[in-house]
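One-letter residues, chain by chain:
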Amino acid sequence: METENEINKKILKITLVIQENYPELSKYLNEMPVTIPTKSNPEVNVKNLQKYYETLIEIFRKYVSEHQLNYINQNSKTGHL
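Residues numbered from 1 in each chain as written. Predicted model: local features only at pLDDT ≥ 70, side-chain atom pairs only at ≥ 80, totals over all residues. Heavy atoms only, no water.

(A) Representation of the packing of aromatic side chains. Taken as a whole and assessed by the stated rule, the structure comprises two aromatic pairs. Ring plane angle 75 degrees and centroid distance 5.8 Å describe the contact between Tyr-22 and Phe-60, whose orientation is recorded as edge-to-face. Placement of Tyr-22 in the loop between helix 1 (4–21) and helix 2 (26–29) and of Phe-60 in helix 3 (residues 46–75) is noted, with a sequence separation of 38 residues between them. Tyr-22 sits in the buried class, given a relative accessible area of 17%. Judged by relative accessible area, Phe-60 falls into the buried class, the value being 17%. A ring pair is formed by Tyr-22 and Tyr-63, whose centres lie 5.7 Å apart and whose planes are at 75 degrees; its orientation type is edge-to-face. With a gap of 41 residues between them, Tyr-22 in the loop between helix 1 and helix 2 and Tyr-63 in helix 3 connect regions that are remote in the sequence. By the ring-pair criterion, three or more aromatic residues cluster together here, those being Tyr-22, Phe-60 and Tyr-63. (Phe/Tyr/Trp six-rings, centres within 6.5 Å; stacked < 30°, edge-to-face > 60°. Helix = DSSP H or I, 4+ residues; strand = E, 2+ residues; numbered from the N terminus. Buried < 20%, exposed > 50% of the residue type's maximum accessible area, 1.4 Å probe, protein only.)

(B) Quick look at the confidence of the model for the chain. Per-residue confidence for the chain averages 80 on the pLDDT scale, and 77% of its residues sit at or above 70. When the elements of the chain are averaged for pLDDT, helix 2 gives the smallest value, 78, and helix 1 the largest, 93. (pLDDT = per-residue confidence, 0-100.)

(C) Representation of the nonpolar core in the model. Ile-11, Ile-14, Ile-18, Tyr-53, Leu-56 and Phe-60 are the most contacted members of the largest nonpolar core, which has 14 residues in total. Mapped onto this core, the elements with two or more residues apiece are helix 1 and helix 3. (Core = buried A, V, L, I, M, F, W, Y, C linked by side-chain atoms within 4.5 Å.)

Next up, the structure:
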């Protein structure tokens, strides 16, 4: 199992990639309350951080794949695959 520090490093890395290459996705980073402590789960822990990281990766992969597909469709001779 990864440590909190290791997961935080991964979160920082993917966040920087998003901010530098896909700034339009940055608005969604602030809307993700996964790591915000609540009454039922009052502290940030490894499980919450891992869930947050996985959500970031999921959003990133989905956006990039859709972005690439749109680019291909716009640049193909027929207009679609």
